[in-house]
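As a plain string of letters, each chain reads:
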Amino acid sequence: MKLLKTIRRYYFYCGIEKEEYNELKKDAYVSNYEVWRILHFIMVVVFFGLFIASLVNDMMSINRYYYLGLFVYSVIAVILFYILEKDSLAAQLLIYLSMSCLFLFGCLISMNNPEHNATTFIAFLLVTPMFMIDKPFFMTIELVAASVVFLIWMYAVKPFEVWEMDFINVLSYTIIGCFLNVVANSIRIKEFVLTKKIRIQKDTDAMTGLRNKGALTREIDEFLKDESSDKGLLLIMDIDKFKFINDNYGHDIGDRVIIQFANFLLNKFGDELTGRFGGDEFILFVRNTYDEDTAVEIANEIINNISEVVELPDKDKKISTSIGIAVYKGVEKSYSEIFKKADIALYRAKDDKENRYCIYK
């Protein structure tokens, strides 16, 4: 039973658990996209070169139109790679189609040389699985289907003794190709797991578990530079008289206040960009709205609830927060630009004893 579970994990999820694989699937798709886009450029050059060579070399002329066909296909595929989304299913299907075309090319080359063993086809059986990160189950189907088609086709074309040797070779290298795909997938996926852990550690504030300053800057910058995104609200919050809390109750209580504040933001606004900028200062970036009434509602919700959620040792005393708000309408193109506006609004909010928030004008 344990062996079956291990085989299932490797053949369906590249050696990791299903949930972990699903989290990394898009990263694998993007990696496939980038690798195969480069490979298609190489295919364009190689098949164009072979086609030109076939024009001057009589021995190669028999395959001339196969070279031309693969050259034309490779050019079309390169164009498609600049149209399709990197992590789309369509891009993955295009890659599998390209592999099928290469296997078909191997069959055609072998058909034109029936007295020789299928060197080109077998080379593709070994090479192509090394460049595809996906559930090894799918690659197994691809390799087995290609091999079955090849053997049935060549049985009608080749002398039996040559076909018999091809049968042994194709069977052997199909198994080896499947195994290599499992090994290559498990290695690459584990690299993604490690990279993700390092990225999370680098982007996470150790005390609160929220995004840190670096992660906030990068993610908000990416949002602002996206031409399709022109709506957002940036809220900067800090805890009023936080130095007094540290001085009177101790830094351990001050740390607990920061953690409770962070937990409140995470529970309320976990779907938005939330993070700790540093010290007692927090950031909330609400995407896809520039409605000032919404900004006021969010600010009031934080101001009215934070005193009940964050506790001090002295039950008679409550914490409060001040909030500076900048409205994004597609004007600012960097985090620093919109941050300056929200920061100015924050200082104005601290002077407003009644509302405790201010929207930058």
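Our structure is the block above this text.
Here the structure is a predicted model, which means the values were calculated and not measured.

Asker: Just checking my understanding: could you explain the overall build of the chain for this structure?
Answerer: Across its full length, the chain holds twelve helices and five strands. Computed over the C-alpha atoms, the radius of gyration of the chain is 30 Å, more than 25% above the 21 Å expected from 2.2 N^0.38 for a compact globule of 361 residues. Each of the three principal axes of the chain carries a C-alpha extent, and together these read 95 × 50 × 25 Å. When the 361 residues of the chain are sorted by exposure, 44% land in the buried category. With an accessible surface of roughly 19,200 Å², the chain has 60% of that area assigned to carbon and sulfur atoms. Averaging the locations of the 41 positively and 48 negatively charged side chains of the chain gives two centres separated by 2 Å.

Asker: Can you help me understand the pattern of salt bridges in this one?
Answerer: Close approach of charged atoms lets side chains of opposite charge pair. Counted according to the given criterion, the structure contains 17 salt bridges. Between Glu 23 and Lys 196 there is a salt bridge, and its shortest N-O distance comes to 2.6 Å. Note that Glu 23 is positioned in helix α2 (residues 18–56) and Lys 196 in helix α7 (residues 160–203), a separation of 173 residues in sequence. Overall, the relative accessible area of 22% leaves Lys 196 in the partly exposed class. When the shortest N-O distance is used, the salt bridge between Lys 268 and Glu 301 registers 3.0 Å. Taken as a pair, Lys 268 in helix α10 (residues 251–269) and Glu 301 in helix α11 (residues 292–309) lie far apart in primary sequence, 33 residues in all. Residue classification places Glu 301 among the partly exposed positions, given a relative accessible area of 28%. Overlapping salt bridges bring together Asp 238, Asp 240, Lys 350 and Arg 356 as one network.

Asker: What exactly am I supposed to notice about the layout of surface pockets here?
Answerer: Over the atoms, a rolled probe matching the size of one water molecule traces out where space is still vacant. Estimates place the volume of the largest pocket at around 210 Å³. Lining of the largest pocket is provided by Trp 36, Leu 39, Ile 42, Met 43, Val 46, Phe 47, Leu 102, Phe 124, Val 127, Thr 128 and Phe 131. Of all elements in the fold, only α2 and α5 (119–127) reach the threshold of two or more residues within the lining of the largest pocket. Broken down by class, the residue content of the lining of the largest pocket amounts to ten nonpolar, one polar and no charged. Considered as a void within the structure, the second largest pocket measures approximately 170 Å³ in volume. Lining the second largest pocket, in full, are Asp 240, Lys 241, Phe 244, Ile 245, Tyr 249, Leu 312, Lys 317, Lys 318, Ile 319 and Ser 320. Each residue belonging to the lining of the second largest pocket can be placed in one class, and the counts come to five nonpolar, one polar and four charged.

Asker: Even after reading the chapter, I still don't get the state of the cysteines, so can you show me in this structure?
Answerer: A covalent bond between the sulfur atoms of two cysteines is referred to as a disulfide. On inspection of all chains with the given rule, the structure shows zero disulfides. Free cysteine Cys 101: the closest other cysteine sulfur is in Cys 107, separated by 12 Å. No disulfide involves Cys 178; its sulfur sits 14 Å from the nearest other cysteine sulfur, which is in Cys 14. Residue Cys 178 is classed as buried on the basis of its relative accessible area, which comes to 8%.

Asker: I tried to follow a nonpolar patch on the surface on my own but got confused; where do I start?
Answerer: The grouping of Val 72, Val 75, Ile 76, Ile 79, Leu 80 and Ile 83 at the surface amounts to a nonpolar patch, some 490 Å² of accessible area in total. Tracing the backbone through its elements, the reader meets Val 75 in helix α3 (residues 64–81). For Val 75, a relative accessible area of 30% puts it in the partly exposed group.

Asker: Just checking my understanding: could you explain the sheet that holds strand β3 (residues 281–287) for this structure?
Answerer: Paired through their backbone hydrogen bonds, the strands of a sheet run either parallel or antiparallel. Strand order in the open sheet formed by five strands is β2-β3-β1-β4-β5, and the pairing between neighbours is mixed. This sheet does not close on itself; its edge strands, each paired only once, are β2 (273–278) and β5 (357–359). Neighbour to neighbour, the strand axes of the sheet diverge by 20° on average, direction disregarded. Sitting on the sheet, helix α8 (residues 213–225) is in contact with β1 (232–239), β2, β3 and β4 (321–328), with an inclination near 135° to β2. α10 contacts β1, β2, β3 and β4 of the sheet and is inclined by roughly 5° relative to β3.

The rules we used
- Counting starts from 1 at the beginning of each chain's written sequence and moves along it residue by residue.
- Predicted model: local features are reported for residues with pLDDT of at least 70 only, side-chain atom pairs are reported and counted for 80 or more only, and whole-chain, interface and lining totals are derived from all residues.
- Excluding hydrogens and water, the side-chain figures rest on all heavy atoms present in the structure.
- Each helix is a run of DSSP H or I of at least 4 residues and each strand a run of E of at least 2, with the numbering of both proceeding from the N terminus.
- Note on method: radius of gyration uses C-alpha positions; expected globular size equals 2.2 Å times residues raised to 0.38.
- We call a residue buried when its accessible area falls under 20% of the maximum for its residue type, exposed when it is over 50%, and partly exposed in between, using a 1.4 Å probe and counting protein chains only.
- Here, Shrake-Rupley sampling with a 1.4 Å probe gives the accessible areas, and only protein chains in the shown set may cover a residue.
- The charge count treats Lys and Arg as positive and Asp and Glu as negative. His and the chain ends do not count.
- In plain terms, the charge of a residue is placed at NZ if it is Lys, CZ if Arg, CG if Asp and CD if Glu.
- We count a salt bridge whenever a side-chain nitrogen from Lys or Arg sits within 4 Å of a carboxyl oxygen from Asp or Glu.
- The way it works is a 1 Å grid over only the protein atoms, where trapped points that fit a 1.4 Å probe form a cavity and open points with protein on both sides within 12 Å along at least five of seven lines form a pocket, and then any residue with an atom within 4 Å of a point lines it.
- Grid points are joined across faces, edges and corners, and a volume is the space filled by probe spheres set on the points.
- Residue polarity is assigned by list, with Asp, Glu, Lys and Arg as charged and Ala, Val, Leu, Ile, Met, Phe, Trp, Tyr, Cys and Pro as nonpolar; anything else, Gly included, falls into the polar class.
- For the purposes of this analysis, a disulfide is any pair of cysteine sulfur atoms at a distance within 2.5 Å.
- Here, patches come from residues exposed beyond 30% relative accessible area and free of salt bridges, joined within 9 Å for like charges and within 5 Å for nonpolar side chains (Val, Leu, Ile, Met, Phe, Trp, Tyr).
- Strands are treated as partners if at least two bridges between them are detected by DSSP.
- Only the stretch in contact is used when fitting a helix axis, every axis being a line fitted to C-alpha atoms; angles between N-to-C directions are given from 0 to 180 degrees.
- We call two residues contacting when some pair of their heavy atoms lies within 4.5 Å.

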